[in-house]
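# Structural features, examined
Single-letter residue listing:
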Amino acid sequence: MADIFTSDNLIFMLKGAGVSLLLALGAVVIGCVIGILFAAAKLSKSKLLRAIGTVYVEIFRGTPMLLQVLFFYLGVPVLYQRITGTRMSADPYMVGLIALSCNSGAYQTELIRSGIQAVDKGQWEAGETLGISYPVMMKEIILPQAFKHIIPPLVSEFITLIKDSSLISNIGALELLYSAQVLGKRYYDYLDPLILAGVMYLCMTVLTSYLSRKVERRMTLSD
Amino acid sequence: MIKVEHLHKSFGELKALHDINLEVKEGEIVCLIGPSGSGKSTLCRCIHGLEKPDSGDIYLEGERMDPSQPAKYAEQRKKMGFVFQHFNLFTNKTVLDNCMLAQTSVAGKTKEEAEQTAMELLARVGLADKRDAYPNKLSGGQKQRVAIARALCMNPEIMLFDEPTSALDPEMIKEVLEVMKDLGTNGMTMVVVTHEMGFARKVADRVVFLDGGEIVEQAPSEQFFSNPQSERAKDFLSKVFYD
């Protein structure tokens, strides 16, 4: 059992953890951009935009994430071939990032929408009486205040993403869980790599919530 | 300067304003007074376009304000500054940034120009030393003075005040009224919704008394307070003054 924990193997696992963390980070950032856009759509006066926002959120929240990952990896290339007639090869990391981002974007849409709605209406009215345009108002006043409200749920979204990035193992991206499986297969021992992977996931998630509590405390101090 | 004609506004079943006709001349200070729910705030908000009237017209310098012509409408609205009961300072911005944002993003001024204007006006309301403070570090009276300075930064020709002192602790009311009075003596056209009868009597040129969504009486302020004509105005004044 002990010979599985060589420094090479540990580095192999740590690399996997790094990939998981990067995927989660990328997805939370891209998902945030998606979330801002669709939250604005859902809050807009246009019926069409509101409908687009709702459909997006319902689709990505209402279907399994694993299905979405497989759809982007296995389904989209087929679709592409049917339309253009040429093949396309999908990179599992890129596809994983896209799938995670789109999924997270749906959850963040709802988070950001509720955050925007929690901002005092008087802020909008003040902007209106000063003639400030909608994009400037959003960027300078509304979103900064909205994000202050939604930092805790955004952090738990990030933690969820760290864990959900493990689904990308299904399409062959060498992230943390898949690295554990690779080692398990090589040594005919799944117990130790899986425990090690679990510990690494825990380190990432616990550290994240610890940091977020610190940031939150500092923000309430400045309030 | 401002002319309101046959203005109607309802909120669902509630008729907030019924056939309002009002004219405010350049340099005039008009106080809108009346009991709660009389429609005075709604009228003030309608003039700026924060509430859309159901029918009726508002003219600014003889030109009709028409939301269906967005560019012109926006230009007209820029001539009016608005001060809210609850200040509505941007809570994530410093005092100085509150005063600069519209100048740089709307009026197209450079940062230096905007800062200069902002500091002049903050000095005028006596708060130049608070430039780097966030709104939550200010007292109510200070917040409202910043809000007035912020509106003035856009160089309005008319200032609308919607119960500017109603959310203040009593000892802070005067500092805000002093700033407003100073503005009035310098020739600003002002429409003030207020419960401060002393201010209405001393500073306003004319008092407009609303009740139940209608203008019941309007008169030069001294005349209104010493010799109200309508029963409703007499009744209202007898209730607000404690003898």
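What you are looking at is a predicted structure, and each value in this text was computed from that prediction instead of being measured.

So, how was this worked out
Residues numbered from 1 in each chain as written. Chains lettered and ligands numbered in written order. Predicted model: local features only at pLDDT ≥ 70, side-chain atom pairs only at ≥ 80, totals over all residues. Heavy atoms only, no water. Helix = DSSP H or I, 4+ residues; strand = E, 2+ residues; numbered from the N terminus. Rg over C-alpha atoms; globule rule 2.2 N^0.38 Å. Buried < 20%, exposed > 50% of the residue type's maximum accessible area, 1.4 Å probe, protein only. Contact = heavy atoms within 4.5 Å. Areas by Shrake-Rupley, 256 points an atom, 1.4 Å probe, with all protein chains shown as cover. Phe/Tyr/Trp six-rings, centres within 6.5 Å; stacked < 30°, edge-to-face > 60°. Lys NZ or Arg CZ within 6 Å of the ring centre and 35° of its normal. Pairing = 2+ DSSP bridges. Polar contact = N/O pair within 3.5 Å; in protein donor to acceptor, adjacent residues only side chain to side chain. Nonpolar A, V, L, I, M, F, W, Y, C, P; charged D, E, K, R; others polar. Axes fitted to C-alpha atoms, helices over the stretch in contact; angles between N-to-C directions. Salt bridge = Lys/Arg side-chain N within 4 Å of Asp/Glu carboxyl O.

Of regular secondary structure, chain B possesses nine helices and ten strands. Radius of gyration (C-alpha) of chain B: 18 Å, near the 18 Å computed for a compact globule of 243 residues. Taken over 243 residues, chain B has a buried fraction of 53%. Long-range contacts, defined as pairs at least 24 residues apart, comprise 65% of the intrachain contacts of chain B with a sequence gap of at least 6. In the structure as shown, chain B presents an accessible area of about 10900 Å², 47% of it carried by carbon and sulfur atoms.

Here we take up the packing of aromatic side chains. In the structure shown here, the tally under the stated rule is nine aromatic pairs over all chains. Measuring from centroid to centroid gives 4.1 Å for F38 of chain A and Y56 of chain A, while their planes differ by 10°, and the two rings are stacked. In this pair, F38 of chain A is assigned in helix 1 (residues 7-42) and Y56 of chain A in helix 2 (residues 47-62), connecting sequence segments 18 residues apart. Taken together, a centroid distance of 5.3 Å and an interplanar angle of 85° make the contact between F224 of chain B and F225 of chain B edge-to-face. Judged by relative accessible area, which is 0%, F224 of chain B ranks as buried. Among the residues examined, F225 of chain B registers a relative accessible area of 9% and is labelled buried. An aromatic cluster of at least three residues, connected via ring pairs, comprises F209, F224, F225, F236 and F241 of chain B. Across from the ring centre of F12 of chain A, 5.9 Å away, lies the NZ or CZ of R186 of chain A, which sits over that ring. Over the ring of F90 of chain B we find R150 of chain B; its NZ or CZ atom is 4.6 Å from the centre of that ring.

In this section: the pairing of strand 3 (residues 29-33) of chain B. All names here are of chain B. Of all five residues in strand 3, five are buried; the element is thus mostly enclosed. Summarising the sheet, strand 3 and strand 8 (residues 189-193) pair through four bridges and their orientation is parallel. From the neighbouring strand, C31 faces strand 8, where its bridge partner is V192. Strand direction decides the pairing type here: strand 3 and strand 9 (residues 206-211), joined by four bridges, are parallel. Across the sheet, the residue bridging to C31 is V207, located in strand 9.

Below, the discussion takes up the interface of chain A and chain B. Each side of the interface is counted separately: chain A has 19 residues, and chain B has 24 residues. Scanning the region where chain A abuts chain B turns up eight residue pairs in polar contact (both at pLDDT 80 or more). Put simply, the parts of the chain that give the side of chain A that touches chain B at least two residues each are helix 5 (121-130) and helix 6 (134-164) of chain A. The biggest single contributor to the side of chain A that touches chain B is helix 5 of chain A, with eight residues. Split by residue class, the side of chain A that touches chain B holds seven nonpolar, seven polar and five charged.

Further remarks concern the sheet that holds strand 3 of chain B. Residue and element names in this part refer to chain B. Reading across the sheet, the six strands line up as 6-7-8-3-9-10 and stay open at both edges, with mixed pairing between neighbours. This sheet does not close on itself; its edge strands, each paired only once, are strand 6 (80-83) and strand 10 (214-220). On average, adjacent strands in this sheet sit at an angle of 15° to one another, irrespective of strand direction. In the packing of helix 9 (residues 231-240) onto the sheet, the strands contacted are strand 3, strand 9 and strand 10, and the crossing angle to strand 9 comes to about 95°.

What follows concerns the side chain of T109 of chain A. Here T109 of chain A shows up in helix 4 (residues 92-118). Excluding anything up to four places from it in sequence, T109 of chain A contacts I34, G35, F38, A39, K42 and V57 of chain A.

Looking now at the side chain of S20 of chain A. Here S20 of chain A is to be found in helix 1. The contacts of S20 of chain A, once residues within four sequence positions are left out, are S165, E175, L176, Y201 and M204 of chain A.

Take the environment of Y134 of chain B next. Residues and elements named next belong to chain B. Checked against the element boundaries, Y134 lands in the loop between helix 4 (111-124) and helix 5 (140-152). A residue is classified by how much of its surface remains accessible, and Y134, at 39% relative accessible area, is partly exposed. In this structure Y134 touches T91, N92, K93 and T94, once residues within four positions along its chain are discounted.

Residue and element names in this part refer to chain B. Bridge count between strand 1 (residues 2-11) and strand 2 (residues 14-24): seven bridges; the pairing is antiparallel. Following the sheet pairing, S10 is matched in strand 2 by K15. A loop of two residues connects strand 1 with strand 2, the two strands running antiparallel in sequence, and G12 in this loop sits at a positive phi of about 60°.

Residue and element names in this part refer to chain B. Read from one edge of the open sheet, four strands run 2-1-4-5, paired in antiparallel fashion. Here the strands that pair on one side only, and so sit at the sheet edges, are strand 2 and strand 5 (63-64). Pairing analysis gives two bridges linking strand 4 (residues 55-60) to strand 5, with the strands arranged antiparallel. Bridge pairing in strand 5 places L60 opposite E63. In the packing of helix 1 (residues 40-48) onto the sheet, contacts are made with strand 1, strand 2 and strand 4, and the angle to strand 1 comes to roughly 120°.

Below, the discussion takes up the pattern of salt bridges. As enumerated under the stated definition, the model contains 22 salt bridges over all chains in all. A salt bridge links E140 of chain A to K93 of chain B; its shortest N-O distance comes to 2.6 Å. With E140 of chain A in helix 6 and K93 of chain B in the loop between strand 6 and helix 3 (95-105), this residue pair bridges two chains. A relative accessible area of 14% places K93 of chain B in the buried class. Residue R206 of chain B pairs with E28 of chain B through a salt bridge whose shortest N-O separation is 2.9 Å. On the criterion of sequence distance, the pair formed by R206 of chain B in strand 9 and E28 of chain B in the loop between strand 2 and strand 3 is long-range, its members being 178 residues apart. Taking relative accessible area as the criterion, R206 of chain B reaches 13% and is therefore assigned buried. When salt bridges that share partners are traced, they join K42, E110 and R113 of chain A into one network.

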